[in-house]
Number of protein chains: 2
Amino acid sequence: MQNIKSPFFNLAIEEARLASNRGEVPVGAVIVEAPTGRVLAKAGNLIEKNKDPTAHAEILVIQAAACIVGSPRLENCDLYVTLEPCPMCAAAISLARLRRLYFGAFDPKSGGVDHGPKIYTHPTCHHIPEVYGGIEETLCSLLLKEFFLKRR
Amino acid sequence: MQNIKSPFFNLAIEEARLASNRGEVPVGAVIVEAPTGRVLAKAGNLIEKNKDPTAHAEILVIQAAACIVGSPRLENCDLYVTLEPCPMCAAAISLARLRRLYFGAFDPKSGGVDHGPKIYTHPTCHHIPEVYGGIEETLCSLLLKEFFLKRR
């Protein structure tokens, strides 16, 4: 578990809570321009609402931040997300050239950073962000557990 | 090399050509509703035009087809693409529950199906499409080679 306290991470948790309220798996993400601390984008999952299998919080903030910056490369930006990114999102973070990835709960079932295909461990991965996992792990896991418990 | 001739694959090649004409890496994709043969979506890369690192042809057709079908799951659909999908797109194809993946050129440098993280080989991959690679391989590779040669 990482002992990193960050107001940006709290924004991601807030987005996860909002996602839960609208019936989406509670995952929230934020992208911050590192030199200025400006929040470029924040989002929670929108898979069900948008009928879009790619509408994970990470993809949504990458698309929004790239649009704001006016470039497909977010080299000076960091991404905060409440759950270990899946392989799709881990690879998108690499393609976007994000500087750092801070994530909350580990995801042994569907994660793609520390689990499964471990996206950043292959020589064909052309950009590897700095990764900090396990931030506010207990809280982020609890949000997910509560959501799935209610749905049973 | 797979000896599969398909009008759908020709549509993907046409989208790759259009992408090249607008300065994008020539990759084109098509999604077809398998039982009816209805083309739900076709697209080429739009990374540079849209300033979006996730705007690969595969992601664009998945988003468009899911929107048309009104569901994040494309269970009865097949995806045709001129290049081996990268890890992001390979994982998105799994998340979208696509039935079959037909791809053209193999991509040892950045592919995610037969190369790199080999997305479909992990127990954490919850849906594995049927995969047919190497379709019109020579033509699909040539399109890419010509594009990069012109840019040097």
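Now for a quick tour of the structure. This structure is a prediction, so every number in the text was calculated from the model and none was measured.

## Describing the interface of chain A and chain B
Part 1 of the reasoning: If you look at the interface, chain A gives 31 residues, while chain B gives 31 residues.
Part 2 of the reasoning: For the pair chain A and chain B, the summed buried surface comes to about 2,300 Å²; carbon and sulfur atoms form 71% of the total.
Part 3 of the reasoning: Ranking the residues of chain A by area buried against chain B places A:Lys51, A:Pro53 and A:Pro72 at the top, with a combined share of 23%.
Part 4 of the reasoning: The interface formed by chain A and chain B holds zero salt bridges in total.
Part 5 of the reasoning: Inspection of the chain A/chain B interface yields six residue pairs in polar contact (both at pLDDT 80 or more).
Part 6 of the reasoning: Residue assignment for the side of chain A that touches chain B shows that the elements contributing at least two residues are α2 (47-50), α3 (57-69) and α4 (87-95) of chain A.

## Here's the deal with the side chain of A:Asp52
Part 1 of the reasoning: With respect to the secondary-structure elements, A:Asp52 resides in the loop between α2 and α3.
Part 2 of the reasoning: Of the side chains with opposite charge, A:Lys51 lies nearest to the buried A:Asp52, which makes no salt bridge, at 12 Å.

## A look at the nonpolar core
Part 1 of the reasoning: Judged by nonpolar contacts, the single largest core of 98 residues is most densely connected at A:Ile31 and B:Ile31.
Part 2 of the reasoning: If near-sequence neighbours (up to four positions away) are discounted, B:Ile31 is found in contact with B:Arg38, B:Val39, B:Leu40, B:Ala41, B:Val61, B:Ile62, B:Ala65, B:Leu74, B:Cys77, B:Asp78, B:Leu79 and B:Leu98.

## A look at the sheet that holds strand β1 (residues 28-33) of chain A
All names here are of chain A.
Part 1 of the reasoning: Strand order in the open sheet formed by five strands is β2-β1-β3-β4-β5, and the pairing between neighbours is mixed. Strands at the two margins of the open sheet, each flanked by one partner only, are β2 (38-44) and β5 (130-132). Neighbour-to-neighbour, the strand axes of this sheet turn through a mean angle of 15°, independent of strand direction.
Part 2 of the reasoning: Packing against the sheet, α3 makes contact with β1, β2 and β3 (77-83), and its axis sits at approximately 145° to β2.

Reading the values: rules and limits
Residues numbered from 1 in each chain as written. Chains lettered and ligands numbered in written order. Predicted model: local features only at pLDDT ≥ 70, side-chain atom pairs only at ≥ 80, totals over all residues. Heavy atoms only, no water. Contact = heavy atoms within 4.5 Å. Buried area = accessible area lost by both parts, 1.4 Å probe. Salt bridge = Lys/Arg side-chain N within 4 Å of Asp/Glu carboxyl O. Polar contact = N/O pair within 3.5 Å; in protein donor to acceptor, adjacent residues only side chain to side chain. Helix = DSSP H or I, 4+ residues; strand = E, 2+ residues; numbered from the N terminus. Buried < 20%, exposed > 50% of the residue type's maximum accessible area, 1.4 Å probe, protein only. Lys, Arg positive; Asp, Glu negative; His and termini not counted. Core = buried A, V, L, I, M, F, W, Y, C linked by side-chain atoms within 4.5 Å. Pairing = 2+ DSSP bridges. Axes fitted to C-alpha atoms, helices over the stretch in contact; angles between N-to-C directions.

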